[in-house]
Amino acid sequence: MEMQQNKGNRAIVIWLFTGVAMIIVQVLLGGITRLTGSGLSITEWKPILGALPPMNEAAWQAAFEKYQQIGQSKYINSHFTLSDFKWIYFWEWLHRNWARLIGVVFFVPFVWFIIKKKIDRSMINPMIVLFLLGALQGLIGWIMVKSGLNEENLYVSHIRLAIHFIAALGLLWYVLWFALKLSVPASAMVPAPGLRRLSGWILGLLVLQLIYGAFMAGLHAALAATTWPSINGAFAPPGMFTQGGFLEDITHNQLTIQFIHRGLAYLLTLLIAVWYLRSARLPQLAVVRALALLVVLLQVFLGVLTVMNSEVKIPLGFALAHQFTGMALLMVMIWGRFVTPRPSHI
């Protein structure tokens, strides 16, 4: 995606940043869907006709009866009334329809820009890749949901949830990078190989941390330890390696997952503090460095609040704020990486 910034790209930049905002909303809707247990409420995938909810009471009852055939309904939500079902159906329906809207918002202006010759040849292939990534994300989402539409699985696998989540963040990264290429002037770039390498390590660890955030949400792992700074009164609580194997523990044991998630948070905070200090001599990074430190501290604070208020159930407000700041930190560090390119790219 090597392309130059010019004034004619303003509409395209607005369009791309609108897409970034919509993807953020979609990820948050995914978080609500998971935390409210709504993800399996719609048992069919109808890309076009599914845009409409049940239109009468008989259709609602038919949708409810389909839900009642799966294990989640039989063994966890057997007490649900039709009204309860409508509540969880709403969140999954909104999540899917927002995805449809994102597709429309990306596709229709793209066609219009081509007709008006506002998009040059260098942008077409990256946009085709973008549409393919979006379609792949929708397919991953349905494969994830379908895996839970049976009597054995009461929830969608947290591993599949993490794949779905990271694929969404990959899409976010791609669109944001594309938008930055068209909007950030060369004067804002600064060659800083050391900072660039450090930001690469930070982004790598941050992706791992976000995967563990998905594990936390998928397994409701915050409920396993609701104290801070200790984990149930210990730095490394007993019970962390009791699942029958190292790989099993680091991917399925709630206590181990929370321990790793906390540890990665502290390590990221330290590395971002180092990045902040090392970038002090570069005025081009003044805004991004301040945001990086602010957001990582806010992210840790919200994580602590989420854990400490999870004694009965995970507080939706704190959890969503924590998820949002996680995405914000990712975007800030992508920005920091972008403005410290290799000298040959300035």
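Analysis parameters
Residues numbered from 1 in each chain as written. Predicted model: local features only at pLDDT ≥ 70, side-chain atom pairs only at ≥ 80, totals over all residues. Heavy atoms only, no water. Helix = DSSP H or I, 4+ residues; strand = E, 2+ residues; numbered from the N terminus. Buried < 20%, exposed > 50% of the residue type's maximum accessible area, 1.4 Å probe, protein only. Salt bridge = Lys/Arg side-chain N within 4 Å of Asp/Glu carboxyl O. Contact = heavy atoms within 4.5 Å. Patch = residues over 30% accessible without salt bridge, like charges linked within 9 Å, V, L, I, M, F, W, Y side chains within 5 Å. Areas by Shrake-Rupley, 256 points an atom, 1.4 Å probe, with all protein chains shown as cover. Polar contact = N/O pair within 3.5 Å; in protein donor to acceptor, adjacent residues only side chain to side chain. Axes fitted to C-alpha atoms, helices over the stretch in contact; angles between N-to-C directions. Parallel < 35°, antiparallel > 145°, perpendicular 65-115°, else oblique. Left-handed = near helix turned anticlockwise from the far one by under 90°. Nonpolar A, V, L, I, M, F, W, Y, C, P; charged D, E, K, R; others polar. Core = buried A, V, L, I, M, F, W, Y, C linked by side-chain atoms within 4.5 Å. Phe/Tyr/Trp six-rings, centres within 6.5 Å; stacked < 30°, edge-to-face > 60°.

J.: How do you make sense of the overall build of the protein chain when you look at a structure like this?
T.: Helix and strand content of the protein chain: 11 helices and 0 strands. Tracing the protein chain from N to C terminus, the helices and strands come up as α-α-α-α-α-α-α-α-α-α-α. Across its three principal axes, the protein chain shows a C-alpha extent of roughly 60 × 60 × 30 Å. Put simply, the protein chain has 346 residues, and 47% of those count as buried.

J.: How should unusual backbone geometry be read in this particular structure?
T.: Trans peptide bonds make up the majority, and among non-glycine residues the majority have a negative phi. With an omega of 10°, the peptide bond between W228 and P229 qualifies as cis. At H220, a residue that is not glycine, the phi angle is positive and equals roughly 50°. Tracing the backbone through its elements, the reader meets H220 in the loop between helix 7 (193-219) and helix 8 (246-252). A relative accessible area of 24% means that H220 is categorised as partly exposed. Not every positive phi belongs to a glycine, and N232 is a case in point at roughly 55°. Mapping N232 onto the fold places it in the loop between helix 7 and helix 8.

J.: Even after reading the chapter, I still don't get the pattern of salt bridges, so can you show me in this structure?
T.: Charged atoms that come close allow side chains of opposite charge to pair. Summed over the entire model, instances satisfying the criterion amount to 3 salt bridges. Two residues, E57 and K86, come together in a salt bridge whose shortest N-O distance is 3.7 Å. On the criterion of sequence distance, the pair formed by E57 in helix 2 (residues 57-67) and K86 in helix 4 (residues 82-115) is long-range, its members being 29 residues apart.

J.: Can you walk me through the environment of M22 in this structure?
T.: The residue M22 is located in helix 1 (residues 10-35) in this model. With 300 residues separating them in the primary sequence, M22 and H322 have C-alpha atoms 18 Å apart. If we ignore the near neighbours within four places in the chain, the residues touching M22 are W98, L101, I102 and V105.

J.: Please clarify how a nonpolar patch on the surface should be interpreted in this entry.
T.: Together, W45, V129, L133, L136, L139 and I143 make up an exposed nonpolar region whose accessible area comes to about 490 Å². With respect to the helices and strands, the residue V129 is situated in helix 5 (residues 121-146). Since its relative accessible area comes to 35%, V129 is described here as partly exposed.

J.: Honestly, the environment of I163 in this entry has me stumped. Any pointers?
T.: Among the secondary structure elements, I163 is positioned in helix 6 (residues 158-183). Sequence separation between I163 and L247 is 84 residues; the distance between their C-alpha atoms is 17 Å.

J.: I would appreciate a short explanation of the side chain of R34 in the present structure.
T.: Mapped onto the fold, R34 is located in helix 1. Here the side chain of R34 touches G218 through a polar contact of 2.6 Å, landing on its backbone oxygen. The residues touching R34, leaving out its near neighbours within four places in the chain, are Y155, V156, H158, L161, A217, G218 and H220.

J.: Can you help me understand the packing of helix 1 against helix 6 in this one?
T.: At their nearest, the axes of helix 1 and helix 6 sit 9 Å apart, and the two run at 165° to each other. As far as their axial angle goes, helix 6 and helix 1 are roughly antiparallel. Relative to helix 6, helix 1 is oriented so that their crossing is left-handed. From helix 1, I12, V13, L16, F17, V20, I23, I24, V27 and R34 reach across to helix 6, where they touch H158, L161, F165, A168, L171, L172, V175, L176, F178, A179, L182 and S183. Per-class residue counts for the contact of helix 1 with helix 6 are 18 nonpolar, 2 polar and 1 charged.

J.: Sorry, what's going on with the nonpolar core here?
T.: Side chains that are nonpolar tend, in soluble globular proteins, to be buried together. Counting residues in hydrophobic clusters, the biggest one holds 75 residues, and the most contacted among them are I12, W15, L16, I202 and W275. Mapped onto this core, the elements with two or more residues apiece are helix 1, helix 4, helix 5, helix 6, helix 7, helix 9 (254-278), helix 10 (286-308) and helix 11 (316-338). Broken down by element, the residue count for this core peaks at 13 residues, all from helix 6. Not counting the four nearest positions on each side in its chain, I202 is found in contact with L268, L271, I272, W275 and M333. Within the second largest apolar cluster, 17 residues are counted, among which are L40, I42, W60 and Y89.

J.: Even after reading the chapter, I still don't get the packing of aromatic side chains, so can you show me in this structure?
T.: Here the distance between the centres and the angle between the planes together describe a pair of aromatic rings. Scanning the model with the defined rule gives 16 aromatic pairs in all. Both rings, one in W60 and one in F85, keep their centres 6.3 Å apart while their planes meet at 85°; by these two values the pair is edge-to-face. Within this pair, whereas W60 is found in helix 2, its partner F85 is found in helix 4, the two being separated by 25 residues in sequence. For the pair shown, W60 and F85 are each scored as buried. Consider the rings of F64 and F85, whose centres lie 5.1 Å apart with planes at 25°: the pair is stacked. Placement of the pair is F64 in helix 2 and F85 in helix 4, with a sequence separation of 21 residues.

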